[in-house]
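Examining the three-dimensional arrangement
These are the residues of each chain, in order.
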Amino acid sequence: MKDMDEKLLRELSSISLSRLYLSGMLDNIAASAAEALSADAAAILLLDEARETLTLRACRGLSSEAANNIRLPKGKGVSWRIASQRKPVALARVRDDPDFYHIPQTGEDRFTSMLGAPIMLGENCLGVLYVQTVGPRDYSEDDTALLQEIASLAAGSIQAGWHIERAQEKVRFLTALNDMSGRVSSTDDFIQISGHVLRCAAEIIQARTLIIWTAENGLPSLKHFPEATGDPEYLRPVRDGLITHVMKTRVAVKIDDIAVESAFAGLDRVAQKSIICHPLLLLDEVHGVLLAADRVSKPDGYFAPFTQEEFSALSDIAQVAAQAIQRSKAKQELASALVRNERNARELSILFELSVAMQQAYNFDDLLAVILSCVTVGEGLGFNRAMLFLVNENSETLQGILGLGPDTGEDAAQDWKKTTDQLKTGPGLIPWLLNRDLEEIKRKKFNAFATSLTISLSSDNALARAVRSHSPVNIASSSDMSPDDRLFAYALGCDRFAVIPLIARENAVGAILVDNLFNDKPITGEDLKLLTRFSAPTAWALENMRLVDRLSRTNRDLITLESRMAQVERMSALGEVSAELAHEIKNPLTVIGGFARRLYQKPGGEAGAGYAEIIVREVERLEMLLENTLEVTRGQFDNRRPVNLNQLVREVADLYWRVMTEEGIDMKLDLASDLPLVNLDSAQIKQALINLTINAVEAMSCKRHKLSRKLRIATSRTKDNSPGVVISISDTGGGIAPRDAPDIFNPFFTTKPTGTGLGLSLCRKIVRLHKGVMEIDNRLGVGVTFTLTLPNEA
């Protein structure tokens with residue numbers, strides 16, 4: 001025994017003086033122990049710096065991959081009992097011991113006995129040295145004493161080697177940390193920073209899984225890196241549990257076995273065994289969380305818990321990462337602020353130009369075109385299409401007033417290119433806005449669709465909701481739609497649009513709807529903010545233009561009223577003149593009538609007789625007309641009798657057939673055969689027909705007239721078969737100019753150099769005295785149709 005002790009002492013001394021690395025030294029000590037005790041296996045486990053973990057550092061007879069990989073958490077296994085009690089343990093059958101902790105990856109399944117002793121250096125326990133045999137063995141006191149002596153002799157060398165190794169590890173860690181610090185300082189990109197941090201962490205602590213969660217307002221966001229570690233929804237339990245806990249408490253968490261420490265849900269989604277979770281904390285602000293899971297070990301299926309040194313190393317890495325992320329955020333916020341300032345300056349410039357353009361709009365239609373042009377032009381707000389709606393307070397609806405936008409994708413490309421070219425080569429945005437062709441806008445199908453829309457303010461349509469709430473509505477997807485919105489979107493042909501109400505004096509005056517149908521660009525919050533800013537001056541411009549328009553109408557009404565008052569005075573004078581005129585010309589006409597009757601009684605030939613007959617008939621009509629002039633001024637007739645209206649029409653046609661032939665006018669009579677006799681003053685009605693026929697002939701006889709010359713006189717029963725008749729006189733004289741149409745029935749209004757302006761006024765008065773209706777169908781560029789509806793009254 002003494003010889004063996006001396007031999008062992010020499011071997012251990014040789015090992016201590018060999019200046020081997022710690023791992024080599026431990027392997028030799030384990031081999032010497034196995035040989036000295038005739039054991040089949042031997043192993044050495046060392047405590048970490050925090051004395052929380054025993055790591056298998058050397059082994060003989062066990063799995064070669066177990067060394068430096070197998071770790072025992074505090075309190076697990078017989079070895080921890082030896083280290084904590086600082087006493088040797090001899091077990092003939094180790095599996096029967098209650099502290100036995102089975103780790104199949106070590107290859108210890110084939111061993112039965114165990115003898116272990118603490119490695120003591122003074123009062124300090126460095127670890128455990130133990131030997132095993134395949135079969136059962138009752139270890140003697142000498143065996144125990146020998147193993148203790150080996151452990152004691154090796155303790156000094158082990159501690160020296162351990163300190164050297166720890167120093168080397170710290171140098172390696174600090175080198176890696178410094179390299180990472182340099183790399184993360186060279187970039188402001190979060191993804192690049194995260195990549196450098198995770199690579200350093202993987203090198204230092206060799207975790208199988210590493211994830212960084214970013215922070216938003218002190219809580220974890222949906223974003224994590226790398227994204228390949230899992231879908232955000234899949235990792236939600238981890239984020240809502242452990243990650244949120246670490247961010248709120250700002251305290252790191254170390255879990256050696258997630259199966260035992262189950263305070264947080266979903267940990268099995270990121271780990272199989274152990275986890276370290278560190279807040280990225282800087283100046284009392286949490287910028288995120290760094291999670292490491294499952295230290296990589298060579299024995300398949302085995303995951304060793306993290307040591308306290310690795311926990312501390314990850315803390316240092318998290319500190320550097322927090323500094324880099326905070327710097328990145330600060331620079332990004334500064335860059336964002338600069339972008340916002342530039343955008344705000346650009347938006348203010350745009351809004352100023354658009355406001356100037358709206359102020360210079362000449363009338364209401366021009367203002368509408370300017371508003372929607374501002375919304376859709378690329379140099380303005382840049383939406384693809386826009387509609388303007390105004391509130392109708394009487395019907396409590398929104399009425400589509402104007403729509404501006406291309407009808408097709410091809411039109412969009414052409415219109416945008418044309419606009420871009422015009423703005424590049426033209427005088428600027430404001431003149432371009434003011435010179436838009438309103439008629440071109442109105443010809444678009446999109447405008448026709450917009451102006452056909454009427455939206456009830458009580459509906460659940462987005463337009464109505466925006467107006468009621470005085471706030472914008474953004475329909476970004478079908479999930480934002482009400483049933484009314486879905487129907488509207490189908491008609492619109494676009495399922496993403498936004499609505500901005502137009503508010504003036506705290507009242508909604510209308511709304512603007514926009515979409516990006518053709519470029520499919522999402523409508524963002526920033527887009528809505530700019531559109532909202534634009535809506536304020538727009539609403540006031542519309543309201544002011546409405547007031548100006550209302551004032552203009554009031555002025556026109558006053559002018560019209562004054563004109564009508566003057567007309568009343570002229571008509572009063574005309575009544576007096578007419579009475580005197582009738583008295584003065586009655587006698588000459590009577591004489592002419594007498595001579596004409598003699599000519600008729602003694603005709604000078606067949607043609608002379610016919611002319612004389614006409615003279616007689618017309619003189620009789622003039623006599624009767626003059627007799628009734630006083631009655632007309634009094635507004636009544638005494639000469640109504642049943643009249644064949646078709647006969648009256650034929651007489652008028654006979655009067656003017658020669659004139660129409662000379663002027664190349666094709667006259668057509670469409671006279672109803674079943675027309676009843678009607679109680680009329682035939683002379684007055686005939687006068688009305690003559691006036692209308694003369695007007696038609698004169699309209700078509702103009703030398704500038706290029707259309708075919710056709711006159712059509714038609715008679716028919718009333719549509720409801722009431723006892724009455726309808727006469728219509730149609731020409732192809734080109735119609736009445738829009739500027740003249742409101743005044744054609746005013747007395748003394750005429751566009752002819754020699755006209756009196758009394759013809760149509762007298763016609764309407766004759767019809768009204770017969771309790772009838774006179775209507776006009778004016779087709780500019782074609783002609784005019786006058787329709788007289790005369791009731792059959794006694």
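So, how was this worked out
Every chain is numbered independently, its residues counted from 1 as its sequence is written. Since the coordinates come from a predicted model, pLDDT governs what is reported: local features require at least 70, and pairs of side-chain atoms require 80 or more to be given and counted, while whole-chain, interface and lining totals use all residues. Where side-chain values are given, they derive from all heavy atoms of the structure, hydrogens and water being excluded. When DSSP finds two or more bridges between two strands, those strands count as paired. Helix and strand assignments come from DSSP, with helices taken as H or I runs of at least 4 residues and strands as E runs of at least 2, each series counted from the N terminus. Axis lines are fitted to C-alpha atoms, over the contacting stretch for helices. Their N-to-C directions set the angle, which ranges from 0 to 180 degrees. Three labels apply to residues, based on accessible area from a 1.4 Å probe with only protein chains included: buried if under 20% of the type maximum, exposed if over 50%, partly exposed otherwise in between. Think of a polar contact as two N or O atoms within 3.5 Å of one another; within protein, one of them needs to be a possible hydrogen donor and the other a possible acceptor, and neighboring residues in sequence only count if both atoms come from side chains. Should any heavy atoms of two residues lie within 4.5 Å, those residues are considered in contact. One side-chain nitrogen of Lys or Arg within 4 Å of one carboxyl oxygen of Asp or Glu is enough to make a salt bridge. Within this scheme, the nonpolar core is defined by two criteria: the residues are buried Ala, Val, Leu, Ile, Met, Phe, Trp, Tyr or Cys, and they are joined through side-chain atoms within 4.5 Å. Note on convention: near helix rotated counterclockwise from far helix by under a right angle means a left-handed crossing. Clockwise means right-handed. The predictor attaches a confidence to each residue, and that confidence, scored 0 to 100, is pLDDT.

Bringing the sheet that holds strand E16 (residues 497–504) into the picture now. Within the open sheet, the 6 strands sit side by side as E14-E13-E12-E17-E16-E15. Their pairing is antiparallel. Whereas interior strands pair on both sides, the edge strands pair on one side only; in this sheet they are strand E14 (454–456) and strand E15 (473–475). Here the average twist between neighbouring strands, direction ignored, is 25 degrees. Where strand E12 (residues 385–392) and strand E13 (residues 397–404) come together, 7 bridges link them in antiparallel fashion.

The backbone phi angle of His470 is positive, close to 60 degrees, even though this residue is not glycine. Structurally, the position occupied by His470 is in the loop between helix H13 (462–469) and E15. With a phi angle near 55 degrees, Arg505 is a residue other than glycine that sits in the positive phi range. Residue position: Arg505 is located in the loop between E16 and strand E17 (507–515). In this structure Arg505 comes out as partly exposed when scored by relative accessible area, which is 45%.

Inspection of the secondary structure puts Ser459 in the loop between E14 and H13. Looking at Ser459, its side chain comes within polar contact range of the main-chain oxygen of Ser456, at 2.8 Å. Contact partners of Ser459, with chain neighbours within four places excluded, come to Ala464, Arg468 and Asp484.

In total, this model carries 27 salt bridges according to the counting rule given. Glu49 is paired through a salt bridge with Lys170; the nearest N and O atoms lie 3.8 Å apart. Within this pair, whereas Glu49 is found in the loop between strand E1 (41–47) and strand E2 (53–60), its partner Lys170 is found in helix H4 (residues 141–185), the two being separated by 121 residues in sequence. Note on Lys170: relative accessible area 43%, which makes it partly exposed. Here Arg465 ties to Asp485 by a salt bridge, and the two come within 2.9 Å at their closest N and O atoms. On the criterion of sequence distance, the pair formed by Arg465 in helix H13 and Asp485 in helix H14 (residues 483–492) is long-range, its members being 20 residues apart. The exposure class assigned to Asp485 is buried, which follows from its relative accessible area of 0%. Here the salt bridges do not stand alone but share partners, grouping Arg71, Arg295 and Glu310 into one network.

Another aspect to go through is the nonpolar core. In terms of nonpolar packing, the biggest core is built from 37 residues, with Leu645, Ile685, Leu689, Leu692 and Met774 touching the most fellow members. Listing elements by their share of this core, those giving two or more residues are helix H17 (645–662), strand E20 (678–680), helix H18 (682–700), strand E21 (710–717), strand E22 (724–731), helix H19 (759–769) and strand E24 (783–791). It is H18 that provides the largest number of residues to this core, a total of 8 residues. Those residues within four positions of Leu645 in sequence are excluded, and the remaining contacts are Leu675, Leu680, Ile685, Thr715, Val725 and Ile727.

Remark: H17 packs on H18, axes separated minimally by 10 Å, with the N-to-C direction vectors making an angle of 35 degrees. When the axes of H17 and H18 are compared, the crossing they make is right-handed. Contacts between H17 and H18 involve Leu645, Leu648, Val649, Glu651, Val652, Leu655, Tyr656, Val659 and Met660 from the first element and Ser682, Ile685, Lys686, Leu689, Ile690, Thr693, Ile694 and Val697 from the second.

What follows is about the confidence of the model for the protein chain. Across the protein chain, pLDDT averages 81, with 81% of residues at or above 70. Looking across the protein chain, the model is least confident in helix H1 (residues 2–17), with a mean pLDDT of 55, and most confident in strand E4 (residues 89–91), with 95.

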